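# Coordinates in review
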Amino acid sequence: MTARVLVVDDDDGVRYTLRGMFEDAGLEVEEAADGEAGLERLKRGGVDLVVSDLRMPRMDGLELLRQSRSLVPVPKVILVTAHGSERHAVEAMKLGALDYFRKPFVVDEVLAVVRRAVGLVRLEAENERLQGEVNLLKSMVFASQAMSRLALLIQRVAPRDVTVLLTGESGTGKERVTEALVRASSRAEKPFVRFNCAALTPELAEAELFGHTRGAFTGAVRARNGLFREADGGTLFLDEIGELDAATQAKLLRVLQEGEVRPVGEDRAYRIDVRIVAATHRDLAQRVASGLFREDLYYRLKVVHLHVPPLRQRPEDIPVLARHFLGRFAERFGTAPVAVTPELLARLTAHPWPGNVRELENALESAVALSLDGTLDLSLLPGGTPGSAEPAVRAGLKERVGAYERGLIVAALEGAKGNRSEAARLLDISRATLHDKLRKYGLAAGEEDGD
């Protein structure tokens, strides 16, 4: 990482001298002739360290320091003070300046201060990157630079209470990204509510989001607070935001603008404090141009825009995802571990995966369930020819069906958190039948589950 330094001074000679010193030390250098010009450059981002004179026309170094504190990320600032300005240097340190040096300066002293600052910048950047990757790895599996970059951006924006718009194709993991964002935010311990905007009719979506009174519409047999009020103090994830109808878009915009929600059929409005994370696989800008999505709502949602890249643009993630899924499904179906062979990886990386990670997961689940122990039938993967396997592989139909049934039972138990009555209901079988199958597949340990 080569650090970029912005030198801010109204004296051409000082800027020339500092540029030469810093470039000789291997740093990238930019210049600004006063504080206002320096602040404008900082707003464009990409500056790691600012070395600014204290006294300048238009905007002095202290004011530049104050205003730089609101930028994301906050740049490190070193001030250059004249002899006898120690009081101002102390004030600058209280405001957040990293260090200072005096004019006339000694080259070795200046370089020592700047090298310490650059070392700190690099250390903090590496720490932020690692924290971001650890956070995102709790929700997703990846090894690519593209996802590492996304992890860094999530870590950076999560503590800043702004609305986030997530875009990306279906199956890329936008909900998982939202989980990572919430986990790193100040609202991590507050409600996290999810809503799929495409799941309900416009009338029901409005009532679900904003709440309704009893009798507000046909079927409203009782009052409901709505998801915004349920998420008060926390985060509301609006998946497939591009599917909202025009009327619901207008009401959502009012909620974002006014910070209050009015249930359907009620005159009273309720104040709310909710962070919005919206996601879509659609091109919202194109939908705005087509008149299908409100432009003002689009910009309200797009305070910060994060894009989740499709799997075909990060093929280096496929091997780690494959190992993760194969291990999980072998355990679920009670089969022997599946070897990740070069032939398997070649097949997986050659496929474009239009359904992204979700398609890869489903394909490997099916392949493990229908393959013999420890031997994956590659003909079952996308691009293969079903039925082309050798007779010895085809002969394992009973074992395959049994493994698949076992996997369904394990998944149902996981979904029911071990409650067998609930698992039986999810599988649409009787509890007695479930107990028989648990014994059949060696899953009957601990007969009582407290339901």
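Look up a bit, the structure's there.
Below: a short report on this structure. From a predicted model like this one, the values you see are computed outputs, not experimental measurements.

## What to know about the overall build of the chain
If you tally the helices and strands in the chain, you get 19 helices and twelve strands. A globule of 451 residues ought to have a C-alpha radius of gyration of about 22 Å, yet the chain, at 29 Å, is considerably larger. C-alpha atoms of the chain, sized along the principal axes, occupy 90 × 65 × 50 Å. Within the span of the chain, comprising 451 residues, buried residues form 45% of the whole. Taking as baseline every contact in the chain between residues at least 6 positions apart, the subset at least 24 positions apart corresponds to 67%. Taken together, the 62 basic and 67 acidic charged side chains of the chain have centroids lying 2 Å from each other.

## What about the pairing of strand β1 (residues 4-8)?
With respect to burial, β1 is a largely interior element, four of its five residues being buried. With five bridges joining them, β1 and strand β2 (residues 28-32) adopt parallel strand pairing. Paired with Leu 6 across the two strands is Glu 30, which belongs to β2. One crossover worth recording links β1 to the parallel β2 by way of helix α1 (residues 12-24), and it is right-handed.

## Points about helix α10 (residues 246-258)
Because each turn of an α-helix spans 3.6 residues, side chains separated by three or four positions end up pointing in the same direction. Compared with the 18 Å implied by 1.5 Å per residue over 13 residues, the 18 Å span of α10 between its first and last C-alpha is a close match. For α10, the set of buried residues is Thr 248, Gln 249, Ala 250, Lys 251, Leu 252, Leu 253 and Val 255. Buried positions along α10 lie against α8 (202-210), α9 (227-230), β8 (235-239), β9 (260-261) and α12 (295-301). The distance from a side-chain oxygen at the start of α10 to the backbone nitrogen of Ala 247 is 3.2 Å, and the residue carrying that oxygen is Asp 245. Looking one or two places after α10, you find Gly 259, whose phi comes out positive at around 70°.

## Topic: the nonpolar core
Of all hydrophobic cores here, the largest spans 29 residues; its most connected members are Leu 209, Phe 228, Leu 236, Leu 238, Ile 241, Leu 252 and Phe 293. Of all elements in the fold, only β7 (192-196), α8, α9, β8, α10, β11 (275-280), α11 (284-289) and α12 reach the threshold of two or more residues within this core. For Leu 238, the contacting residues outside a window of four places in its chain are Phe 195, Cys 197, Leu 209, Leu 252, Ile 276, Val 277, Ala 278 and Ala 279. Listed in part, the 22 residues of the second largest apolar core include Phe 333, Leu 344, Ala 369 and Leu 378.

## A look at the packing of aromatic side chains
Inspection of the entire model under this criterion finds five aromatic pairs. Taken together, a centroid distance of 5.8 Å and an interplanar angle of 85° make the contact between Phe 101 and Phe 105 edge-to-face. Phe 105 sits in the partly exposed class, given a relative accessible area of 21%. Centre to centre, the rings of Tyr 298 and Tyr 299 are 5.0 Å apart; their planes meet at 55°, and the pair counts as tilted. Chaining the aromatic ring pairs together yields one cluster made of Phe 325, Phe 329 and Phe 333. Of note, Arg 229 hangs over the ring of Tyr 270, and the distance from its end group to the ring centre comes to 3.7 Å.

## Considering the packing of helix α6 (residues 145-157) against helix α7 (residues 174-183)
Remark: α6 packs on α7, axes separated minimally by 8 Å, with the N-to-C direction vectors making an angle of 40°. One way to sum up the angle between α6 and α7 is to call them oblique. In this structure, the crossing between α6 and α7 has a hand that is right-handed. Residues Leu 150, Ile 154 and Val 157 of α6 form the contact with α7, whose participating residues are Val 177, Ala 180 and Leu 181. Of the residues belonging to the contact of α6 with α7, the class tally is six nonpolar, no polar and no charged.

## Some details on the side chain of Ser 68
Relative to the elements of secondary structure, Ser 68 occurs in helix α3 (residues 61-68). A relative accessible area of 0% means that Ser 68 is categorised as buried. Polar contacts involving the side chain of Ser 68 include one to the main-chain carbonyl oxygen of Leu 65, which spans 2.7 Å. Discounting residues that sit within four places of it in the chain, Ser 68 has contacts with Leu 39, Leu 42, Val 74, Pro 75 and Val 77.

## Thoughts on the sheet that holds β1
On the basis of which strands lie adjacent, the open sheet formed by five strands has the order β2-β1-β3-β4-β5 and parallel pairing. Bordering the open sheet on either side are β2 and β5 (99-102), each of which pairs with just one other strand. The mean angle between the axes of side-by-side strands here comes to 20°, regardless of whether they run parallel or antiparallel. Sheet topology places strand β4 (residues 76-81) next to β5; four bridges connect them, and they run parallel.

## Topic: the packing of α1 against helix α5 (residues 107-137)
The interhelical angle for the contact between α1 and α5, taken along N-to-C directions, is 60°, at an axis separation of 11 Å. Taken together, the axis directions place α1 and α5 in an arrangement best described as oblique. The chirality of how α1 crosses α5 is right-handed. In contact with Leu 18, Met 21 and Phe 22 of α1, α5 contributes Val 107, Val 110, Leu 111 and Val 114. Looking at side-chain class alone, the contact of α1 with α5 contains seven nonpolar, no polar and no charged residues.

## Regarding the pattern of salt bridges
Throughout the structure, instances matching the rule amount to 37 salt bridges. Where Arg 58 meets Asp 34, a salt bridge forms, and the shortest distance between an N and an O atom there is 2.9 Å. With Arg 58 in the loop between β3 (49-53) and α3 and Asp 34 in the loop between β2 and α2 (35-43), this residue pair connects regions lying 24 residues apart in the sequence. By relative accessible area, Asp 34 is classed as buried at 10%. Beyond isolated ion pairs, a larger network of salt bridges with shared partners links Asp 12, Arg 15, Arg 19, Glu 23 and Glu 31.

## Digging into the environment of Glu 36
As for its placement among the helices and strands, Glu 36 is situated in helix α2. Of the residues examined, Glu 36 reaches a relative accessible area of 34% and is grouped as partly exposed. Excluding residues that lie within four positions of it along the chain, Glu 36 makes contacts with Arg 58 and Met 59. A distance of 3.0 Å separates the side chain of Glu 36 from the side chain of Arg 58, its partner in a polar contact.

Cut-offs and rules
Residues numbered from 1 in each chain as written. Predicted model: local features only at pLDDT ≥ 70, side-chain atom pairs only at ≥ 80, totals over all residues. Heavy atoms only, no water. Helix = DSSP H or I, 4+ residues; strand = E, 2+ residues; numbered from the N terminus. Rg over C-alpha atoms; globule rule 2.2 N^0.38 Å. Buried < 20%, exposed > 50% of the residue type's maximum accessible area, 1.4 Å probe, protein only. Contact = heavy atoms within 4.5 Å. Lys, Arg positive; Asp, Glu negative; His and termini not counted. Charge placed at Lys NZ, Arg CZ, Asp CG, Glu CD. Pairing = 2+ DSSP bridges. Right-handed = clockwise from strand over helix to strand, strands pointing away. Expected span 1.5 Å × (residues − 1). Polar contact = N/O pair within 3.5 Å; in protein donor to acceptor, adjacent residues only side chain to side chain. Core = buried A, V, L, I, M, F, W, Y, C linked by side-chain atoms within 4.5 Å. Phe/Tyr/Trp six-rings, centres within 6.5 Å; stacked < 30°, edge-to-face > 60°. Lys NZ or Arg CZ within 6 Å of the ring centre and 35° of its normal. Axes fitted to C-alpha atoms, helices over the stretch in contact; angles between N-to-C directions. Parallel < 35°, antiparallel > 145°, perpendicular 65-115°, else oblique. Left-handed = near helix turned anticlockwise from the far one by under 90°. Nonpolar A, V, L, I, M, F, W, Y, C, P; charged D, E, K, R; others polar. Salt bridge = Lys/Arg side-chain N within 4 Å of Asp/Glu carboxyl O.

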